[in-house]
Amino acid sequence: MQSLRELYRIGMGPSSSHTMAPRRAAQYFLDHNQKAAAYRVTLYGSLAATGKGHFTDQAVMEVFGTDKTRIVWLKDTVLPYHANAMKFEALDAKENTLAQWTTYSVGGGALQDEGEAPAQEVYAFKNFTEIVDWATSQGRPLWTAAVESEGEEIMSYLATVWNQMQACVRRGLEHEDVLPGGLRLARKAYSFYKKALAQRPDLSRTGLLSAYALAVSEENAGRGIVVTAPTCGSCGVVAGVLYYLKYHRNVTDREIINALATAGLVGNTVKQNGSISGAEVGCQGEIGVACAMAAAAVAQLFGGTVSQIEYAAEIGLEHFLGLTCDPVMGLVQIPCIERNAIAANRAVAAAEYALYTDGQHRVSFDDVVKAMRQTGHDLPPLYKETAEGGLATLYK
Ligand code: SF4
């Protein structure tokens, strides 16, 4: 497993795979080819199918300059290595290619070249069972597996992540307007927040959780700065749930940072043994994983045992198995934003369910990850971030 720094990335939305990673790739290519007269960027497969709605073209044009960038969209050409492929070419004044680079956006904002080894692994654990066994045998909390593997510095990084998440919720609650893109979708976080505050405190939980998750997801859709958890499209779930716990359940920042470590171990396990790429496994890999991460965090913050925390994560993902990715107009708005709010509520419910039990359960989190990977593999491509099936075709 790689560092949690590779999972929790701070950057501009609305899509870790379609915006964050292409922007970084473009910057890298520009840094190495500064003297070109123009740049041609060819987007393949799912990156091309939903690239307009996900603002991939804008992200790379902002790096190379609008007048110097040509975008070629090849949605029907899927390169064998991964569905999200892009080729950068540096051109001279006569459009001759001076240099070129093909790379892949493999999920959660990560880039990988064909045949290149993934980022360095810093965890000796191969799956969640090994983490649970280590914590149980050592008598230590789950989250300490992150410190054990990455050193104390990782907690400072998680503190930065938490600050970014909180700032994002606050910005999202302040903004009231229509989101960019052709849907003219109005932001809802502010009105949810106001209505929730007007409720009796014991009835306000759904509204507040939804408001905070919406705030972050709407910031993401508005191209604001977010933290991938595990992706941009699903970034409202963990942030929204933790914000709710801090301000309505008296949880401290230190406890939340520890819970972010545990949530990160959950997300890392899926990254290692399944996928967090909507283009590869559909939305179960984004919203489903975010729900599992948040559920584990909540279970820990409510005092759960190691097995109850693992159970909460298992429930969080299991009931999103098979969830398709079918974004209307290719935008990260419908159904994505609402899904974040629903998953935030479900994460708390999953944690509570696990805490009502003694933690014993038949299906392990690792088994659900395996099922998710197989289900994602079996899903037809039209339900994997191509905007060619489901809601994306029905909504007019
Ligand atoms: S439907 Fe899910 S996987 Fe697809 S773009 Fe939206 S959040 Fe991402």
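As the structure is a prediction and not an experimental result, all values here were calculated from the model. (Residues numbered from 1 in each chain as written. Predicted model: local features only at pLDDT ≥ 70, side-chain atom pairs only at ≥ 80, totals over all residues.)

1. A closer look at the site of the ligand
Phase 1: Neighbouring residues of the ligand: Gly233, Ser234, Gly278, Cys283, Glu286, Ile287, Cys325, Pro327, Val332, Pro335, Cys336 and Glu385.
Phase 2: Its residues assigned to classes, the shell around the ligand comprises seven nonpolar, three polar and two charged. (Near = placed C-beta within 6 Å. Nonpolar A, V, L, I, M, F, W, Y, C, P; charged D, E, K, R; others polar.)

2. Observations concerning the sheet that holds strand E2 (residues 38-44)
Phase 1: If you walk across this open sheet you meet the five strands as E3-E2-E4-E5-E6, and the pairing is mixed. Strands with a single pairing partner mark the edges of an open sheet, and in this sheet they are strand E3 (69-74) and strand E6 (110-112). Averaged over all adjacent pairs, the angle separating strand axes in this sheet is 25 degrees, with direction ignored.
Phase 2: Pairing geometry for strand E5 (residues 97-107) and E6, over three bridges, is antiparallel. What sits directly across from Tyr104, in E6, is Gln112. (Pairing = 2+ DSSP bridges. Helix = DSSP H or I, 4+ residues; strand = E, 2+ residues; numbered from the N terminus. Axes fitted to C-alpha atoms, helices over the stretch in contact; angles between N-to-C directions.)

3. Some details on the nonpolar core
Phase 1: By size, the foremost hydrophobic cluster in this structure holds 132 residues, and its most contacted members are Val241, Ala294 and Ala295.
Phase 2: Looking at which element gives the most residues to this core, the answer is helix H12 (residues 287-301), with 13 residues.
Phase 3: In this view, Ala295 contacts Ala312, Ala313, Ile315, Gly316, Ala347, Ala350 and Ala351; residues no more than four positions away in its chain are not counted. (Core = buried A, V, L, I, M, F, W, Y, C linked by C-beta atoms within 7 Å. Buried ≥ 20, exposed ≤ 12 C-beta atoms within 10 Å, placed from the backbone. Contact = placed C-beta atoms within 7 Å.)

4. Considering the domain arrangement of the protein chain
Phase 1: Domain assignment breaks the protein chain into domain 1 (10-112) and domain 2 (128-394).
Phase 2: With centres defined by C-alpha atoms, the gap from domain 1 to domain 2 works out at 28 Å.
Phase 3: Counting residues at the interface gives 23 residues for domain 1 and 31 residues for domain 2.
Phase 4: At the level of secondary structure, the elements contributing two or more residues to the side of domain 1 that touches domain 2 comprise strand E1 (10-12), helix H1 (16-32), helix H2 (45-49) and E5.
Phase 5: When residues in the side of domain 1 that touches domain 2 are grouped by element, the largest group, four residues, is from H1.
Phase 6: Per-class residue counts for the side of domain 1 that touches domain 2 are eight nonpolar, 14 polar and one charged. (Domains from an automatic or database assignment.)

5. Section: the environment of Val298
Phase 1: With respect to the helices and strands, the residue Val298 is situated in helix H12.
Phase 2: Here Val298 is in contact with Val241, Ala312, Ala347, Val348 and Ala351, once residues within four sequence places are set aside.

6. Points about unusual backbone geometry
Phase 1: The amide bond that connects Gly13 to the next residue, Pro14, takes the cis arrangement and shows omega of 10 degrees.
Phase 2: The residue after Ile334, namely Pro335, is reached through a cis peptide bond having omega 10 degrees.
Phase 3: The phi torsion at Met329 lies on the positive side, around 60 degrees, for a residue other than glycine.
Phase 4: You can call Met329 partly exposed: it has 16 C-beta atoms within 10 Å.

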